[in-house]
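Residue strings, one per chain:
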Amino acid sequence: MKAVYALYTDPDAAQLAVDALRAEGVAERDIVVMSSEPFEEYEFSHRDKATWLHWIAGGGGLLGMFAGYLLTSTTQQLWPLVTSGMPIVSTWPNTIIVFEMTMLGAILATVIALFVTASLPSRLSQLYDNAVTQGYILVGVDGPSDELAARLDRALASVEGGQVKSIA
Amino acid sequence: MNRTRNNPLADDLVRPLFHTSVWFYGAVLVLATVVLAGAAAWGYQLWYGIGVAGINWPVFWGFYLTNFVFWIGISHAGTLISAILRLVNARWRRPVTRCAEVITVFALMIGAMFPIIHLGRPWLAFWLAPYPSAREIWPNFRSPLVWDFFAINTYLTGSLMFLLLPMIPDFALVRDRSTGWRRRIYGALALGWQGTTKQWHRLESGMQIMAIAIIPVAVSVHTIVSFDFSMATVPMWHSTIFGPYFVAGAIFSGIAALIVAMAALRKLLHLEAYLHPVHFENLGKLLLLMSLLWAYFVFAERLTVWYGNEHSEMAVFWATQRGEYAPLYWAMVVCNFVIPFPILALRQLRTIAGTVVASFAVLIGMWLERFLIIVPSLAHKPLPYTWGDYAPQPVEIIIMVATFAAMILLYMLFSKFVPIISIWEMKVGNQPHPPVVTEAEDELAGLWRARP
């Protein structure tokens, strides 16, 4: 069996379906939930919450800061030009460039990390169903064994309001 | 709870992408013609030289730089306001954010064009870029113009990302509703978005970080634009108040632009069900606050100059208060304070029509403010023999009008290809809260039941 999943219109039902899959012994990482909006109030949406994004953004900022410092101070020393009596390496004006580079570094690091960790861009998985963007919540498992698929089918069907589908 | 009840919402917001009225084509044709006229005027200037513009000694900065500052100010409408509202988790922000963020991106692009137009020799614009050269002239990181290059590009990059990231789930929605070439295009734009819990988490965390990062960048951009002036020892420019004064003015004009854009979208795309009077009322309150803040800054600046009674500054001061620039100055005061204040202060007048009238006044007033900061000071430098005048020439006027047309055209085209209101964020806004009962509420309910 390639995949088995169910579509629910109600997030409460989706939560029950996730619980049912867990009860069948499906590992947390194998349960797939897809929706057209985030459901912060439900436990199933809190899976995969741990992220390094904040730290990566901070790291990007530090990298940008370092690049900004190098860009300003190094080039000023390589091409020394006195402007308006200011020192060759002028800390006050350089701070502006360093600040902008810091923020640019943080922004770019965030975006790159977001794309990498969210697996974007990617091909649509076989589990994906267009009904997701119509407002349905998809709960399923990708690539279960035939014996497990039959049990999962029953587990998903046991939750009221679900349309169970499978991909052979 | 039936999730598919949100489909009418998606239908409404996606409809403009699939249906185009004759009016749309007509408007695009007219606006494109004006934009082409602007391009032709620029071509004329390139062919005959910068002398065809009114800028000349001693007023080297005229309409072009006025428009540069004005458009950079307008760009503060979006990302900054959207980021602040996102951080404070204002629920009413949901239909507003994308309308606002788009303004930022297009206004920045248009604003950044003006220094290049102003150069006269745009093919040398790359000199602004910080690269070491054999001429031993660049990079000069002590020049405020180079600061502009960094600030505007950082803000443009951040704003573009801030706009594009939340659009990905909506592209996926349009992808799934499309067929043929549309499906391929929106499929590519959606980047394979599936709406997994991981993707939602990363998107929301990323947006949170971006919101935090973009606020200081937005503040820095207009502060740095103000440094273009305040770093020079020109009368009434060399002022420490210029940074916050420019930032406040930028947010002021930005909110006004946002209100006008929202009113137009509401009317033209029939978004009455999503852009409610309360959105205009709340933005109207913000506009009122900024109007008061603007008046405070103007008073503080003028009083300080007047009290100092420094000769060169007083020449500019009186030129604007009762001299040749007085009509423009008092028109600015009327547009930025006298008209918007009563409209926005009185609740009965703080309607959609009222806020739009106030916003139009503010946009005119803020354009005049930018002009009055630049031209009178350059025309009245410390030594009277250097005094001069400035009169805009047709080339400058046509290019200015063309940029306004370009802004409207870009906005219209954007709303034709992308849902102008973030559909998934609207859906989140429609989510009812689960019946969570806290211990305190439980206790209160028990007391209520046990009442005598």
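Residues numbered from 1 in each chain as written. Chains lettered and ligands numbered in written order. Predicted model: local features only at pLDDT ≥ 70, side-chain atom pairs only at ≥ 80, totals over all residues. Heavy atoms only, no water.

## A few points about the overall build of chain B
- The helix and strand tally for chain B stands at 18 helices and 0 strands.
- Since a compact globule built from 452 residues should have a radius of gyration of about 22 Å, the 24 Å found for chain B is in line with a globular shape.
- Out of the 452 residues in chain B, the part that is buried amounts to 57%.
- Considering only contacts within chain B whose residues lie at least 6 apart along the sequence, 80% involve residues at least 24 apart.
- For chain B, the accessible surface area stands at approximately 19100 Å², while carbon and sulfur atoms represent 70% of it.
- In chain B, 31 positive and 23 negative side-chain charges are present, and the distance between their average locations comes to 9 Å. (Helix = DSSP H or I, 4+ residues; strand = E, 2+ residues; numbered from the N terminus. Rg over C-alpha atoms; globule rule 2.2 N^0.38 Å. Buried < 20%, exposed > 50% of the residue type's maximum accessible area, 1.4 Å probe, protein only. Contact = heavy atoms within 4.5 Å. Areas by Shrake-Rupley, 256 points an atom, 1.4 Å probe, with all protein chains shown as cover. Lys, Arg positive; Asp, Glu negative; His and termini not counted. Charge placed at Lys NZ, Arg CZ, Asp CG, Glu CD.)

## A look at the interface of chain B and chain A
- On the side of chain A, 66 residues touch chain B, which itself brings 61 residues to the contact.
- Between chain B and chain A, roughly 5700 Å² of surface is buried when both sides are summed, and carbon and sulfur atoms account for 65% of that area.
- Three residues stand out in chain B for area buried against chain A, namely Arg142, Gln194 and Arg202 of chain B, and they jointly supply 15% of the buried area on that side.
- One can count 0 salt bridges joining chain B with chain A.
- Counted by class, the side of chain B that touches chain A contains 30 nonpolar, 21 polar and 10 charged residues. (Buried area = accessible area lost by both parts, 1.4 Å probe. Salt bridge = Lys/Arg side-chain N within 4 Å of Asp/Glu carboxyl O. Nonpolar A, V, L, I, M, F, W, Y, C, P; charged D, E, K, R; others polar.)

## With respect to the nonpolar core
- Among the nonpolar cores identified, the biggest contains 146 residues, and Tyr64, Tyr245, Leu258, Leu287 and Ile420 of chain B are the most heavily contacted of them.
- The greatest single-element share of this core, amounting to 17 residues, is contributed by helix α10 (residues 242-268) of chain B.
- By size, the runner-up hydrophobic cluster in this structure holds 20 residues, among which are Val4, Val18, Val139 and Val159 of chain A. (Core = buried A, V, L, I, M, F, W, Y, C linked by side-chain atoms within 4.5 Å.)

## Concerning a nonpolar patch on the surface
All names here are of chain B.
- Together, Phe299, Leu303, Trp306, Tyr307 and Trp318 make up a nonpolar patch on the protein surface, roughly 600 Å² of accessible area in all.
- Top element by residues in the nonpolar patch is helix α11 (residues 277-308). It accounts for 4 residues.
- Its location among the elements puts Leu303 in helix α11. (Patch = residues over 30% accessible without salt bridge, like charges linked within 9 Å, V, L, I, M, F, W, Y side chains within 5 Å.)

## A word on the side chain of Ser159 of chain B
All names here are of chain B.
- Relative to the assigned elements, Ser159 resides in helix α6 (residues 144-164).
- The exposure class of Ser159 is buried, given its relative accessible area of 0%.
- Among the polar contacts listed, one links the side chain of Ser159 to the side chain of Thr79, at a separation of 3.1 Å.
- Apart from the residues within four sequence positions on either side, Ser159 is in contact with Thr79, Thr104, Val105, Leu108 and Ile214. (Polar contact = N/O pair within 3.5 Å; in protein donor to acceptor, adjacent residues only side chain to side chain.)

## Topic: α10 of chain B
Residue and element names in this part refer to chain B.
- Compared with an ideal rise of 1.5 Å per residue, which puts 27 residues at 39 Å, α10 spans 38 Å between its outermost C-alpha atoms and is within 8% of the ideal.
- Within α10, 23 of the 27 residues are buried, which leaves the element mostly enclosed by the surrounding structure.
- Just downstream of α10 lies His270, where phi reads positive at about 55°. (Expected span 1.5 Å × (residues − 1).)

## Brief notes about the sheet that holds strand β2 (residues 31-34) of chain A
Residue and element names in this part refer to chain A.
- Ordered in space as β2-β3-β1-β4, the 4 strands form an open sheet in which the pairing is antiparallel. One side of each edge strand has no neighbouring strand; the edge strands of this open sheet are β2 and β4 (163-167). This sheet shows a mean twist of 20° between the axes of neighbouring strands, independent of strand direction.
- Where β2 lies against strand β3 (residues 137-142), 4 bridges are found, and the strand directions are antiparallel. Residue pairing in the sheet places Met34 in a bridge with Leu138 of β3.
- On top of the sheet, helix α1 (residues 11-23) reaches β1 (3-8), β2 and β3; it is set at about 15° to β3, its chief contact. (Pairing = 2+ DSSP bridges. Axes fitted to C-alpha atoms, helices over the stretch in contact; angles between N-to-C directions.)

## Observations concerning the side chain of Thr133 of chain A
- Turning to its location among the elements, Thr133 of chain A is positioned in the loop between α3 (91-117) and β3.
- In this structure the side chain of Thr133 of chain A is engaged in a polar contact, spanning 3.0 Å, whose partner is the backbone oxygen of Asn130 of chain A.
- One polar contact links Thr133 of chain A to Asp176 of chain B, side chain to side chain, over a distance of 2.7 Å.
- In this structure, Thr133 of chain A is in contact with Ser36 and Tyr128 of chain A together with Ala172, Leu173, Asp176 and Lys427 of chain B, ignoring residues within four places of it in sequence.

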